[in-house]
Amino acid sequence: PVYDGSTKWTNVTVKAPNATLSFAKTGGGDWSLIAHNKISQQQLWSEPLGGVPVRWGIAVDSGGRIFVTLRSGRILAFSQAK
């Protein structure tokens, strides 16, 4: 078998210019995208995903927009409020 239960999810971290981005599972079993300050590691913000993210499913474009792919096939986009 390809998956025998010994493979474990490791936290994927994307390093953006001013923050690190990662997925986190809450106590209730829901998933969120979390941004931390690169230097202090203080949490800057958190956004619920409404589904299970695809491992390595984070991308950041040149405009600073963040894209997250969920296992359901949905693609979420996050950007700075104007």
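Residues numbered from 1 in each chain as written. Predicted model: local features only at pLDDT ≥ 70, side-chain atom pairs only at ≥ 80, totals over all residues. Heavy atoms only, no water.

## Things to note about the overall build of the protein chain
Reasoning step 1: What the protein chain contains, in helices and strands, is zero helices and seven strands.
Reasoning step 2: Ordered by position in the sequence, the α and β elements of the protein chain form the string β-β-β-β-β-β-β.
Reasoning step 3: By residue count, 28% of the 82 residues in the protein chain fall in the buried class.
Reasoning step 4: In the protein chain, of all internal contacts separated by at least 6 residues, the share reaching a separation of at least 24 is 23%.
Reasoning step 5: Total accessible area on the protein chain is roughly 5,900 Å²; 53% of this is exposed by carbon and sulfur atoms. (Helix = DSSP H or I, 4+ residues; strand = E, 2+ residues; numbered from the N terminus. Buried < 20%, exposed > 50% of the residue type's maximum accessible area, 1.4 Å probe, protein only. Contact = heavy atoms within 4.5 Å. Areas by Shrake-Rupley, 256 points an atom, 1.4 Å probe, with all protein chains shown as cover.)

## Some remarks on the sheet that holds strand β2 (residues 19–25)
Reasoning step 1: Taken in spatial order, the four strands of this open sheet run β1-β2-β3-β4, and their pairing is antiparallel. Every other strand in the sheet has two partners, leaving β1 (13–15) and β4 (43–48) as the edge strands with one partner each. Neighbour to neighbour, the strand axes of the sheet diverge by 20° on average, direction disregarded.
Reasoning step 2: Sheet topology places β2 next to strand β3 (residues 31–37); seven bridges connect them, and they run antiparallel. In the strand pairing of β3, K25 is matched with W31. (Pairing = 2+ DSSP bridges. Axes fitted to C-alpha atoms, helices over the stretch in contact; angles between N-to-C directions.)

## Brief notes about the confidence of the model for the protein chain
Reasoning step 1: Residues with a pLDDT of 70 or more make up 87% of the protein chain, whose mean pLDDT is 87.
Reasoning step 2: No element of the protein chain has a lower mean pLDDT than β1, at 85, and none a higher one than strand β7 (residues 75–78), at 96. (pLDDT = per-residue confidence, 0-100.)

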